[in-house]
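Each chain is listed here by its residues.
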Amino acid sequence: MEEENQAMKLYSHPMSSCSRRVRLALYLKGLKYECITITAVGDPELLKVNPMGYVPALVDGTTVVSDSYAILLYLEEKYPQHALLPQDIIKKSINYQAASIVSSSIQPLQNTTLVHYIGELVSPDEKLPWAQNHIRKGFVALEKLLANHAGKYATGDEIYLADLYLTFQLDNAINRFNLDMTEFPLLLKLYEVYCQTTSIQQIFAESSQQQIDKSLFNFNKPQEA
């Protein structure tokens, strides 16, 4: 049908971890899409599909889905190839928990907008410690959560939902927030594996090609969810 022949559109920002996890899911599932890069807060084109003005937002025919978690679950339901969730109910629950820790307990507290606000409210010197503190708390939980479930990847030998969330959160923690990973050997090991995984390398390469300054304090991008 005509809707099935239309390429999906993804409103994205190259350095948005939320956008990147969706792009990785699309890559893994072999789905073609048009990437529409959003570089300004309040972009009118983005606001047409997501009144919140957050990236990512996915347009699939007549269906519009915003928020990376909702997008990933939508893709999993409609396009089951390369499952993002294992069949085992316990491992599935671990994936949900890991994704929730990143999306609810880490990311909102190290969001660029909030970090800048902390700098204005308290002191510029408090921006990095604030972000590091909240990332560390989440990583403590993740290290314990995955201890008895990790294989090559977070919950086995296949890339699942947890890995989509962990990959780019770890990248941010290490390369943008300079977090000391000494106390997180499992998470560091996973990150090293992610960096050697072809599908993930592809997403990193796409981001690098945008030639964007990845500095936390000079980096300006739309809100993400």
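Keep in mind the model is a prediction, meaning the values are calculated, not measured.

Analysis parameters
Here the residue index of a chain counts from 1 through its sequence in written order. Side-chain atom pairs in this predicted model are given and counted only at pLDDT of 80 or more, local residue features only at pLDDT of at least 70, and totals for whole chains, interfaces and linings cover all residues. As a rule here, side-chain values cover all heavy atoms of the structure and leave hydrogens and water aside. Only protein chains enter the calculation, and the probe is 1.4 Å; a residue is then buried if its accessible area is under 20% of its type maximum, exposed if over 50%, and partly exposed in between. Segments assigned H or I by DSSP are reported as helices when at least four residues long, segments assigned E as strands when at least two residues long, and all are numbered from the N terminus. We call two residues in contact whenever any of their non-hydrogen atoms come within 4.5 Å of each other. Expected span of a helix, by definition, is 1.5 Å for each gap between consecutive residues, and there is one gap fewer than residues. A residue's pLDDT is the predictor's confidence in that residue, given on a scale from 0 to 100. Two strands qualify as a pair provided that DSSP identifies no fewer than 2 bridges between them. If the strands point away from the viewer and the path from the first strand over the helix to the second runs clockwise, then the crossover is right-handed. Any two of the Phe, Tyr and Trp rings considered here, Trp counted by its six-membered ring, make a pair once their centres fall within 6.5 Å; the pair's planes then place it as stacked at under 30 degrees, edge-to-face at over 60, or tilted in between. Geometry is summarised by axes, namely lines fitted to C-alpha atoms with helices restricted to the contacting stretch, and by angles between N-to-C directions that run from 0 to 180 degrees. For classification, angles of less than 35 degrees are called roughly parallel, those exceeding 145 degrees roughly antiparallel, those between 65 and 115 degrees roughly perpendicular, and all remaining angles oblique. In this scheme the crossing of two helices becomes right-handed for a clockwise turn of the near helix relative to the far one and left-handed for an anticlockwise turn of less than a right angle. Note on terminology: a nonpolar core comprises buried Ala, Val, Leu, Ile, Met, Phe, Trp, Tyr and Cys residues joined through side-chain atoms within 4.5 Å.

(A) View of helix 4 (residues 68–78). Those residues of helix 4 lying buried are Ser68, Ile71, Leu72, Tyr74, Leu75 and Glu76. Those residues of helix 4 hidden inside the fold are in contact with strand 1 (8–12), helix 2 (17–28), strand 3 (57–60), strand 4 (63–66) and helix 8 (161–175).

(B) Highlighting helix 7 (residues 127–146). Between its terminal C-alpha atoms helix 7 stretches 29 Å, which fits the 28 Å expected from 20 residues at 1.5 Å a residue. Buried within helix 7 we find Lys127, Ala131, His134, Ile135, Gly138, Phe139, Leu142, Glu143, Leu145 and Leu146. Residues of helix 7 that are buried make contact with helix 5 (89–106), helix 6 (112–121), helix 8 and helix 9 (185–194).

(C) Quick peek at the side chain of Arg21. Among the structural elements, Arg21 can be located in helix 2. You can call Arg21 buried: its relative accessible area is 1%. Every residue in contact with Arg21, bar those within four places of it in the chain, is listed here: Ser68, Leu72, Val102, Gln107, Leu164, Tyr165 and Phe168.

(D) Main features of the confidence of the model for the chain. Considering every residue of the chain, the mean pLDDT works out to 90; 90% of them sit at 70 or more. Note that residues 211–219 has pLDDT below 50 and, in this model, 21 contacts with residues that lie over four places away or in other chains.

(E) Inspection of the pairing of strand 1 at higher detail. Taken across its 5 residues, strand 1 has 4 buried, putting it largely inside the fold. With 5 bridges joining them, strand 1 and strand 2 (residues 33–37) adopt parallel strand pairing. Counterpart to Ser12 in the pairing with strand 2 is Thr37. After leaving strand 1, the chain enters helix 2 and then returns to the sheet as strand 2, a path that is right-handed. Pairing of strand 1 with strand 3, which is carried by 3 bridges, proceeds in the antiparallel orientation.

(F) Layout of the pairing of strand 4. For strand 3 and strand 4, the ladder comprises 4 bridges, and the chain directions are antiparallel. Counted as the bridge partner of Asp60 is Thr63 from strand 4. Between strand 3 and strand 4, which pair antiparallel one after the other, the connecting turn spans 2 residues, and Gly61 there sits at a positive phi close to 65 degrees.

(G) Spatial organisation of the packing of aromatic side chains. Here the structure, examined in full by the defined rule, presents 4 aromatic pairs. Between Tyr153 and Tyr194, the ring centres sit 6.2 Å apart and the planes meet at 5 degrees, which makes this aromatic pair stacked. Of the two residues, Tyr153 is situated in the loop between helix 7 and helix 8 and Tyr194 in helix 9; the sequence distance between them amounts to 41 residues. When sorted by exposure, Tyr153 lands in the same class as Tyr194, which is buried. Ring plane angle 75 degrees and centroid distance 5.6 Å describe the contact between Phe168 and Phe204, whose orientation is recorded as edge-to-face. Here Phe168 is found in helix 8, whereas its partner Phe204 is found in helix 10 (residues 198–208), with 36 residues between them in sequence. Relative accessible area serves as the criterion here: at 0%, Phe168 is assigned to the buried category.

(H) The packing of helix 2 against helix 8, seen in detail. Running from N to C, helix 2 and helix 8 cross one another at 140 degrees; their axes reach a closest spacing of 9 Å. As the angle between them shows, helix 2 and helix 8 are arranged oblique. Here the hand of the crossing between helix 2 and helix 8 comes out right-handed. Each of Ser17, Arg20, Arg21, Leu24, Ala25 and Leu28 in helix 2 lies in contact with helix 8, whose residues at this interface are Leu164, Tyr165, Phe168, Asp171 and Asn172.

(I) Representation of the nonpolar core within the structure. Among the nonpolar cores identified, the biggest contains 54 residues, and Leu75, Phe139, Leu142, Leu146, Leu166 and Leu187 are the most heavily contacted of them. Going through the elements one at a time, strand 1, helix 2, helix 4, helix 5, helix 7, helix 8, helix 9 and helix 10 are the ones with two or more residues in this core. In contact with Leu146, not counting residues within four places along its chain, are Ile94, Ala154, Thr155, Leu166, Leu186, Leu187 and Leu190. One finds Tyr11, Ile36, Ile38 and Ala57 within the second-largest nonpolar core, a separate group that totals 7 residues.

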